Amino acid sequence: QGAACAPTPAPTSKYWGNGNGWCMSGLDEEIGRGVSDANACWTMCEDEYGSGLVAIDWSAADGECYCQNDCQCMEDLQDAGTYLVTRDYIAALPDKCPGYAMTDDTIRTAVAAWTSDATAAMDTYGHISTWETEGVTDMSRLFCVRQDW
């Protein structure tokens, strides 16, 4: 019989510390609150997503733990309360996420898309937290149809 295959070593992580922001990804899944530290957050996410895990964001303020399956761009730069850990193959953090410039018309379309299917809306408009709303003058009743917020 053939020789046994050597086990594949588990990917290792790289600790970026705080103040670098958090990685934007399509997953962006909160896996827990009250998590004790970034290492515990990494372990929880790795247990849940295995090799699909690319990064975690952990908040020291409330122990929020988010799992990311990519690191497309960075959000909330300079937030001293957010700690970032990535796979060790991430040699440098990407740039700040660009925002989608909204107008009175486009924001209503984007909100409708976001509340219908946030993942699909992200492909067009980016994450809702990155929307640039300087061009919006009327946000009245923008989220009024949402009963679960």
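That block above? That's the structure.
Residues numbered from 1 in each chain as written. Predicted model: local features only at pLDDT ≥ 70, side-chain atom pairs only at ≥ 80, totals over all residues. Heavy atoms only, no water.

Looking at the packing of helix α2 (residues 104-116) against helix α3 (residues 118-125)
Contact geometry for α2 and α3: axes closest at 6 Å, N-to-C directions at 145°. Contacts from Thr 109, Ala 110, Ala 113, Trp 114 and Ser 116 in α2 reach Ala 118, Ala 121, Met 122 and Tyr 125 in α3. Classifying every residue of the contact of α2 with α3 by side-chain character gives 7 nonpolar, 2 polar and no charged. (Axes fitted to C-alpha atoms, helices over the stretch in contact; angles between N-to-C directions. Helix = DSSP H or I, 4+ residues; strand = E, 2+ residues; numbered from the N terminus. Contact = heavy atoms within 4.5 Å. Nonpolar A, V, L, I, M, F, W, Y, C, P; charged D, E, K, R; others polar.)

Side note on the packing of aromatic side chains
Between two aromatic rings, the relevant description is the distance of the centres plus the angle of the planes. Summed over all chains, the structure comprises 3 aromatic pairs. Taking 5.4 Å as the distance between ring centres and 50° as the angle between the ring planes, the aromatic pair formed by Trp 58 and Tyr 83 counts as tilted. Remark: Tyr 83 occurs in strand β7 (residues 82-87) and Trp 58 occurs in strand β4 (residues 55-59); sequence separation between them is 25 residues. (Phe/Tyr/Trp six-rings, centres within 6.5 Å; stacked < 30°, edge-to-face > 60°.)

Observations regarding the sheet that holds strand β1 (residues 13-18)
The strand order across the open sheet formed by 5 strands is β1-β7-β4-β5-β3, and the pairing between neighbours is antiparallel. The outermost strands of the open sheet, each flanked by one partner alone, are β1 and β3 (29-32). If you compare each strand with its neighbour and ignore which way they point, the axes differ by 25° on average. Along the sheet, helix α1 (residues 38-49) makes contact with β1, β3, β4, β5 (65-68) and β7, crossing β4 at roughly 140°. (Pairing = 2+ DSSP bridges.)

Purely spatial values, then, with no claim about function.
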